[in-house]
Structures are given as structure tokens and as C-alpha cells.
Amino acid sequence: MNVIIFGPPGAGKGTQSQYIVDKFNLYQISTGDLLRKEISEKTDIGNEIDNIISKGDFATDDIVNRLIKKVVTNENHRNNIIFDGYPRNTNQAENLELILNADNQFISFVLFLKVSRETVEKRILGRIICEKCNKIFNEFNEFNEKKEIENHQCEKKYLKKRKDDNLETIITRYDEYMKKTKPVLDFYSSRSYFYEIDGSVNIEQISSKIEQILTV
């Protein structure tokens, strides 16, 4: 199956994407990772991307679509992909359908983790990350018991807050994401395989709901 997952910053999309990868043995496509890989390997398209980024611009849809097509049509990944961070606009969504249809593939599920801005604010403002093991905690009890933070095996000196986890940045990122993503959600929302999931509940409940959906 091929799965697309959407969710604003703080919705837990990264956590649930990894859950899906591990549980259903899917290959995860992240456009950011694809771009960085091409740049690090100094391919022709990588040099093109590096030149664009060095000027402060973003990689064009054409470049991203070419990279996506290369992975999607790889025999090792056919109908076994989770798309994380793609498509970002309706042009990319339409292109993805063309690529899949041409290769006799299809989208099985589109998941949208819906979370209010207020919940996102609280999650991100309370987020604490261990710089040693990368485990994520939340200082608000409703998301993570404080005793779990206190009993964490790494020393407390490694527990830090991200510099960009501030209210102004959170609001900007959330509003920008929802504005840009709405047309894509509208593109998929009428499809029978589109599922809106309450992303305000705890991680286990979200994972359980996703598993129910993907195993129908």
C-alpha cells in the first residue's frame, strides 16, 4: 500500500510516520531527505538544487517531482511507500497521481492528523528533548508524566528546549502550514481513502486508530 500522511507542526506526524514504517514495513519518502541526498552525492540534480538553495530559493516542483518519480518507480518500493512532507501543493498532488497511474500504482490511504493551534502551542512550548538519546518529553502532565522526565536515564543536563520552540514561531509555522496544505487536503478530502484523525489525543490512541484504518 501507498500512504500519505499530513499534519501541522506539533501534531506528532513524525512519530506516527515512524510507527507506520515499523508496523507495516513501508519505505518512507521525505522530500527533505531526498534533496539532501542528491546534494551530498553531488549528482547533476544535486548541484542544481545546491545552486538554487544557495541563492535562498526553494527547490522547484519540477525538481521535487523528478526525485519522487525516481523513488516511486523503483521496483523495490512499488506500492510500499509512505509519503511524508509530499505533496505540498495541488500541482505535486496531481503529478503524484500521474506518476502512480503510469506505473500501475495507487494511493491506498491519506491520513490527516487534525490538531488545534492551541494544542500545538502547548505541545511545543512544553517540549523537552534529550540531546543525548533524542527522546522527547513534555513538561505538561496531560502529555507526559513529570515523573518520567525525572526518571529519565540520561543526566538532566541533556534535557533541553529547542530555541525555535517559542510562541511566535509556533503560530507562524502552524498558520503557514494550514494555509499551504488546505488546497491539498481539499484535493483529497472527497476521496474514499481520506481519513481525518483526532491528533489531540495521546500517541498510543492515534497509533491505534491508524492501525485500525490501515488494516481494513
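The paragraphs below set out a description of the structure included in this document. Everything numeric in this text was worked out from a predicted model, so none of it was measured. (Residues numbered from 1 in each chain as written. Predicted model: local features only at pLDDT ≥ 70, side-chain atom pairs only at ≥ 80, totals over all residues. Heavy atoms only, no water.)

1. Some thoughts on the environment of Tyr177
- Mapped onto the elements of the fold, Tyr177 is located in helix α8 (residues 167-189).
- Residue classification places Tyr177 among the buried positions, given a relative accessible area of 17%.
- For the pair Tyr177 and Tyr19, spaced 158 residues apart in the sequence, the C-alpha separation amounts to 22 Å.
- Filtering out sequence-adjacent residues up to four positions away, Tyr177 remains in contact with Phe6, Gly7, Pro8 and Pro9.
- A polar atom in the side chain of Tyr177 sits 2.8 Å from the backbone nitrogen of Gly7. (Helix = DSSP H or I, 4+ residues; strand = E, 2+ residues; numbered from the N terminus. Buried < 20%, exposed > 50% of the residue type's maximum accessible area, 1.4 Å probe, protein only. Contact = heavy atoms within 4.5 Å. Polar contact = N/O pair within 3.5 Å; in protein donor to acceptor, adjacent residues only side chain to side chain.)

2. Regarding the layout of surface pockets
- Taken as a whole, the second largest pocket encloses approximately 260 Å³ of empty space.
- Along the wall of the second largest pocket there are 14 residues; nearest its centre are Tyr27, Leu34, Lys37, Lys70 and Val71.
- Elements with a contribution of two residues or more to the lining of the second largest pocket: β2 (27-30), α2 (31-40) and α4 (61-72).
- Among the residues making up the lining of the second largest pocket, the classes are represented as five nonpolar, four polar and five charged. (1 Å grid on protein atoms, 1.4 Å probe; cavity = no way out; pocket = protein on both sides within 12 Å on 5 of 7 lines; lining within 4 Å. Points joined across faces, edges and corners; volume = space filled by probe spheres on them. Nonpolar A, V, L, I, M, F, W, Y, C, P; charged D, E, K, R; others polar.)

3. Focus: the packing of aromatic side chains
- Under the criterion given, the structure shown has four aromatic pairs.
- Cluster of aromatic residues (ring-pair linked, three or more members): Phe6, Phe187 and Tyr188.
- Residue placement shows Arg191 over the ring face of Phe187; its charged tip is 4.8 Å from the ring centre. (Phe/Tyr/Trp six-rings, centres within 6.5 Å; stacked < 30°, edge-to-face > 60°. Lys NZ or Arg CZ within 6 Å of the ring centre and 35° of its normal.)

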